[in-house]
Protein chains: 2
Amino acid sequence: MTQTPSHQTPLQMWKTLARKRLLQVGDGRFLVVENHTLQLPDGQVIADWPWLVTPAFVNVVVETEEKKFLCFRQAKYAIDSLSLAVVGGYLEEGEDPLEAARRELLEETGYQADVWIPLGSYVVDGNRGNGRAHLYLARGAHWVQPPDADDLEEQEVLLLSRAELAQALRQGEFKVLPWATAVSLALLHLATEESPLGGTPAD
Amino acid sequence: MTQTPSHQTPLQMWKTLARKRLLQVGDGRFLVVENHTLQLPDGQVIADWPWLVTPAFVNVVVETEEKKFLCFRQAKYAIDSLSLAVVGGYLEEGEDPLEAARRELLEETGYQADVWIPLGSYVVDGNRGNGRAHLYLARGAHWVQPPDADDLEEQEVLLLSRAELAQALRQGEFKVLPWATAVSLALLHLATEESPLGGTPAD
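Residues numbered from 1 in each chain as written. Chains lettered and ligands numbered in written order. Predicted model: local features only at pLDDT ≥ 70, side-chain atom pairs only at ≥ 80, totals over all residues.

**A word on the pairing of strand S10 (residues 115–125) of chain A**
Two faces, one strand: in a regular strand the side chains alternate between the faces of the sheet.
Residues and elements named next belong to chain A.
Alright, step 1. Relative to strand S11 (residues 129–143), S10 is paired through eight bridges, and the arrangement is antiparallel. Its bridge partner being in S11, proline 118 is matched across the sheet by tyrosine 136.
Alright, step 2. Linking S10 back to S11 in an antiparallel pair, the connection comprises three residues. (Pairing = 2+ DSSP bridges. Helix = DSSP H or I, 4+ residues; strand = E, 2+ residues; numbered from the N terminus.)

Have a look at this one:
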């Protein structure tokens, strides 16, 4: 990689000097707001930095044995129209992300999958924290039992071809950020797998 | 699209019955927490639904005239190691997202771009709101003036080839969710542009 300009000193991390709880909603499972006092690498201290503690979650792009992508169409509180959605949910306390992903797939769809491809783990907000997204592509998914979802959302189940999935993404039908992230990373993974060198001659 | 099972009644939206401010940090520009009372389509009322009001932001994947991708390597408070990053920042009050994207590009890099491709607009959290991400791919970017960033982060500037950008994404070097989203959507856009039919024979 080209670095321009190059720095002589390595970049330093920020330090947390103090943290105070500003707000806890209910038992704090879904939201705690903290105030942090922090120090920048240059020594500057910031005394009023809000920080959001929310649960980690998984999202799973599900490809069935028939090479169809299992999605939902559903209402969510934060959007004023229906959205396409992928499988997902919060991690339970102490739960491993992959186990949570398998559990959510089975609960929400009644499917199990043979192949699990990690698509990365990302902090939601680089400034405030606000939880962590663990994203997966599950392949070879097959029905094993009726779904057992206790989610609040009504939803329709859709089975999309890969071209339909890509088109829906381009058209903005996945309206929630981590869902769009998971779908785009899954499509890139599948494209890279078929054309491992990737890129163009210009690269 | 295949719908299974099909529903006879259209899916309904959730309704906000009441909202109350629980917490305002400072002048509220960066964070207000509300409690919402809401009603589900089936009539069920939920009285304690936390809601996060945070500013909308832009992220921009920047391709220069030389077909290099302009990225940063920087520390962010929410991550404990350096991350690759794309151009980005919060919208100012009343600012149009595309104008914010042009402004952030110029401020952070000193570049302007000829071609702006929208990569979508996404609510960050489908349950809690927490702001909206407006994502762009800027092409044909060229240097016009020294950067004028007042950001808190120290950063290195990198110019990556498209293959290097794709590899960095796969290796998890973009550690913040909207940055990974913007990069993956930009790479998909570029791949689709070159192969407009997309997909595989199996589609």
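After that view, the rundown keeps rolling.
**Description of the environment of glycine 88 of chain B**
All names here are of chain B.
Alright, step 1. You can see glycine 88 is positioned in strand S8 (residues 87–90).
Alright, step 2. Given 26 C-beta atoms within a 10 Å radius, glycine 88 is considered buried.
Alright, step 3. Expressed as a C-alpha distance, the spacing of glycine 88 and arginine 73, which sit 15 residues apart in the sequence, is 13 Å.
Alright, step 4. Not counting residues up to four positions away in its chain, the partners in contact with glycine 88 are Phe57, Val58, Asn59, Val60 and Glu104. (Buried ≥ 20, exposed ≤ 12 C-beta atoms within 10 Å, placed from the backbone. Contact = placed C-beta atoms within 7 Å.)

**What about the environment of alanine 182 of chain B?**
Residue and element names in this part refer to chain B.
Alright, step 1. Its place among the elements puts alanine 182 in helix H3 (residues 177–194).
Alright, step 2. Alanine 182 sits 48 residues away from histidine 134 along the chain, and the two C-alpha atoms are 9.1 Å apart.
Alright, step 3. Excluding anything up to four places from it in sequence, alanine 182 contacts Asn59, Val61, Val86, Leu119 and Leu135.

**Re the relation of the copies chain A and chain B**
Alright, step 1. After a rotation of 180 degrees and a shift along the axis of 0.0 Å, chain A superposes on chain B with an RMSD of 0.0 Å. Taken together, the rotation and translation describe the operation of a two-fold axis. In terms of C-alpha distance to the rotation axis, chain A has threonine 181 of chain A as its closest residue, with the C-alpha 2.3 Å off the axis.
Alright, step 2. Interface residue correspondence from chain A to chain B reaches 100%, placing this contact among same-surface, isologous pairings. (Least-squares fit on C-alpha atoms with pLDDT ≥ 70 in both.)

**Brief notes about the interface of chain A and chain B**
Alright, step 1. Taken together, the contact between chain A and chain B spans 73 residues of the former and 73 residues of the latter.
Alright, step 2. The greatest single-element share of the side of chain A that touches chain B, amounting to ten residues, is contributed by helix H3 (residues 177–194) of chain A.
Alright, step 3. The residue inventory of the side of chain A that touches chain B, partitioned by class, reads 40 nonpolar, 19 polar and 14 charged. (Nonpolar A, V, L, I, M, F, W, Y, C, P; charged D, E, K, R; others polar.)

**Comments concerning the domain arrangement of chain A**
Residue and element names in this part refer to chain A.
Alright, step 1. Taken as a whole, chain A is organised into domain 1 (15–53) and domain 2 (57–194).
Alright, step 2. Computed from C-alpha atoms alone, the centre-to-centre distance between domain 1 and domain 2 is 30 Å.
Alright, step 3. Listed per partner, the contact involves four residues of domain 1 and four residues of domain 2.
Alright, step 4. Residue classes in the side of domain 1 that touches domain 2 are distributed as four nonpolar, no polar and no charged. (Domains from an automatic or database assignment.)

**Some thoughts on unusual backbone geometry**
Where the residue is not glycine, phi is negative for most of them; where a peptide bond is considered, it is trans in most cases.
Residue and element names in this part refer to chain A.
Alright, step 1. Phi at lysine 67 takes a positive value of approximately 65 degrees, unusual for a residue other than glycine.
Alright, step 2. By the element assignment, lysine 67 lies in the loop between strand S5 (57–64) and strand S6 (69–74).
Alright, step 3. By the C-beta count within 10 Å, which is 15 here, lysine 67 ends up partly exposed.
Alright, step 4. Phi angles above zero are rare outside glycine, and asparagine 130 is one such case at about 60 degrees.
Alright, step 5. Tracing the chain through its elements places asparagine 130 in strand S11.

**Digging into the confidence of the model for chain A**
All names here are of chain A.
Alright, step 1. Here chain A shows a mean pLDDT of 90. Residues at 70 or above account for 88%.
Alright, step 2. The low-confidence segment residues 1–8 (pLDDT under 50) makes eleven contacts with residues lying over four places distant or belonging to another chain.
Alright, step 3. With pLDDT under 50 throughout, residues 198–203 is counted as low confidence; its partners more than four residues away or in other chains account for twelve contacts. (pLDDT = per-residue confidence, 0-100.)

**A short note on the packing of helix H2 (residues 162–170) of chain B against H3 of chain B**
Residues and elements named next belong to chain B.
Alright, step 1. Orientation of H2 relative to H3, taken along the N-to-C sense of each, is 135 degrees, at an axis distance of 10 Å. Relative to H3, H2 is oriented oblique. Considering the relative orientation of H2 and H3, their crossing is left-handed. Within the contact between the two elements, H2 uses Arg162, Leu165, Ala166 and Leu169 and H3 uses Ala180, Val183, Ser184, Leu187 and Leu190.
Alright, step 2. For the contact of H2 with H3, a count of residues per class yields seven nonpolar, one polar and one charged. (Axes fitted to C-alpha atoms, helices over the stretch in contact; angles between N-to-C directions. Parallel < 35°, antiparallel > 145°, perpendicular 65-115°, else oblique. Left-handed = near helix turned anticlockwise from the far one by under 90°.)

**A short note on H2 of chain B**
Residues and elements named next belong to chain B.
Alright, step 1. Those residues of H2 that fall on the buried side of the exposure criterion are Arg162, Leu165, Ala166 and Leu169. Angular distribution of buried residues about the axis of H2 spans 95 degrees; they occupy a single face of the element.
Alright, step 2. Residues of H2 that are buried make contact with strand S6 (69–74), strand S12 (155–160) and H3. (Arc of directions from axis to C-beta.)

**Structural notes on H3 of chain A**
Alright, step 1. The terminal C-alpha atoms of H3 of chain A, which comprises 18 residues, lie 26 Å apart, in line with the 26 Å expected from a rise of 1.5 Å per residue.
Alright, step 2. Within H3 of chain A, 14 of the 18 residues are buried, which leaves it mostly tucked inside the rest of the structure. (Expected span 1.5 Å × (residues − 1).)

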